[in-house]
Amino acid sequence: MSPHAPGSPSPLRFGYGTNGLADLRLDDALALLADLGYDGVGLTLDHMHLDPLAPGLAARTRRVAGRLQALGLSVTVETGARYVLDPRRKHGPSLLDPDPDDRARRVDLLLRAVHVAADLGAHAVHCFSGITPAGTDPDTAWKRLADGLTTVLDAAATAEVPLAVEPEPGHLLAGLADFHHLRRLLGDPEPLGLTLDIGHCQCLEPLPPADCVRAAARWLRHVQIEDMRRGVHEHLPFGDGEIDFPPVLAALAATGYQGLTVVELPRHSHAGPHFAELSLPFLRHAAPTPQGSTP
């Protein structure tokens, strides 16, 4: 992250997540986002969008890289596909599973994501901890998480792609305090960064979302954004929740954050193009105006 002079916020760069465009072919989704004026895309590796487990991944990744370049889109690689590893268990297996072979499958997916991200020139690779399995004590869960991420962090360091862990409501790593616990547990490795979901801040953090941005600024590597209500983990279109976005986006711009701020509406794919079209004007209107330009 490059520093910026106080009072001279960097312009924010907005993207849209392909997990909110799951009914579109990837080529069509990317063309739509470029046409709407987005700066980039949060690319979830899934069976319909750059399947990380299908044959020919390297060749398919090269083709997507060419497409992104031709369209002028930046990219962050996301790993939140619901059923890409297990058709019966949402987000399973995780890094916390009791079976070491199951944990290894999640590690393998994250390693593939790191390689894809490097080949795409992505800003970061996003991941999360998973839900603590029944009967697993917290110390064991944290040890499994740290052990699994150590391998991924080594690969991320070699690839020079930050790993951006997302606090997820209901997961072992649920909030910013948990991210700092993991960071200390791992010895604060340089490739370990944070995915900050603005809606999650509204949902469960003790600080308001703008204060969360300021508190997390040093570790920010990826940002997801949507509306949300306090205490309810439901991703909502802008204006349907409780978040006051101008202070949040001003705080984000003031940090000098250089990555993408990606709209995260995974349960609105049925109307993905509609919400993609509405979201960008909303964010641009709420964002601070760079110095020297007019609103």
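Details of the structure are given in the entry above.
If you're wondering where the values come from, they're calculated on a predicted model, not measured in any experiment.

Below, the discussion takes up the layout of surface pockets. Each pocket or cavity is described by its volume, and for the largest pocket that value is around 800 Å³. Looking at the largest pocket, it is lined by 38 residues, and the ones nearest its centre are Gly80, Arg82, Lys90, His91 and Phe128. With three residues, strand E9 (residues 232-236) is the single largest residue contributor to the lining of the largest pocket. A per-class count over the lining of the largest pocket returns 10 nonpolar, 16 polar and 12 charged.

Let us now look at the packing of aromatic side chains. Evaluated as defined, the whole model comprises five aromatic pairs. Measuring from ring centre to ring centre gives 6.5 Å for phenylalanine 179 and tryptophan 219, while their planes differ by 70°; the resulting arrangement is edge-to-face. Taken together, the residues phenylalanine 179 in helix H5 (residues 176-185) and tryptophan 219 in the loop between helix H7 (209-216) and strand E7 (220-225) connect sequence positions 40 residues apart. Relative to phenylalanine 282, the ring of phenylalanine 245 lies with its centre 5.5 Å away and its plane at 90°, an arrangement referred to as edge-to-face. Pair noted here: phenylalanine 245 is in helix H8 (residues 245-254) and phenylalanine 282 is in helix H9 (residues 272-286), with a separation of 37 residues, a long-range link.

All chains considered together, the criterion is met by two cavities of 30 Å³ or more. Along its surface, the largest cavity is lined by Pro167, Ala174, Leu176, Thr195, Leu196, Asp197, His200, Cys201 and Glu205. Only strand E6 (192-197) and helix H6 (198-204) provide two or more residues apiece to the lining of the largest cavity. Among the elements that line the lining of the largest cavity, the one with the most residues is E6, at three residues. The residue inventory of the lining of the largest cavity, partitioned by class, reads five nonpolar, two polar and two charged. Here the second largest cavity defines a volume of roughly 40 Å³. Taken together, Thr79, Leu95, Arg106, Leu110, Cys127 and Phe128 make up the full set of residues lining the second largest cavity. In terms of residue class, the lining of the second largest cavity is built from four nonpolar, one polar and one charged.

The full count for this structure, using the stated rule, is 11 salt bridges. Aspartate 27 is paired through a salt bridge with arginine 67; the nearest N and O atoms lie 3.8 Å apart. Here arginine 67 lies in helix H2 (residues 57-71) and aspartate 27 lies in helix H1 (residues 26-36), a separation of 40 residues in the sequence. Arginine 183 is the partner of aspartate 188 in a salt bridge, and the nearest nitrogen-oxygen pair spans 3.4 Å. For aspartate 188, a relative accessible area of 34% translates into the label partly exposed. Judged by its relative accessible area of 13%, arginine 183 falls in the buried class.

Along the chain, histidine 171 falls in the loop between strand E5 (163-165) and H5. Beyond its immediate stretch of four places on either side in the chain, histidine 171 contacts Phe128, Ser129, Gly130 and Ile131.

Parameters at a glance
- Residues numbered from 1 in each chain as written.
- Predicted model: local features only at pLDDT ≥ 70, side-chain atom pairs only at ≥ 80, totals over all residues.
- Heavy atoms only, no water.
- 1 Å grid on protein atoms, 1.4 Å probe; cavity = no way out; pocket = protein on both sides within 12 Å on 5 of 7 lines; lining within 4 Å.
- Points joined across faces, edges and corners; volume = space filled by probe spheres on them.
- Helix = DSSP H or I, 4+ residues; strand = E, 2+ residues; numbered from the N terminus.
- Nonpolar A, V, L, I, M, F, W, Y, C, P; charged D, E, K, R; others polar.
- Phe/Tyr/Trp six-rings, centres within 6.5 Å; stacked < 30°, edge-to-face > 60°.
- Salt bridge = Lys/Arg side-chain N within 4 Å of Asp/Glu carboxyl O.
- Buried < 20%, exposed > 50% of the residue type's maximum accessible area, 1.4 Å probe, protein only.
- Contact = heavy atoms within 4.5 Å.

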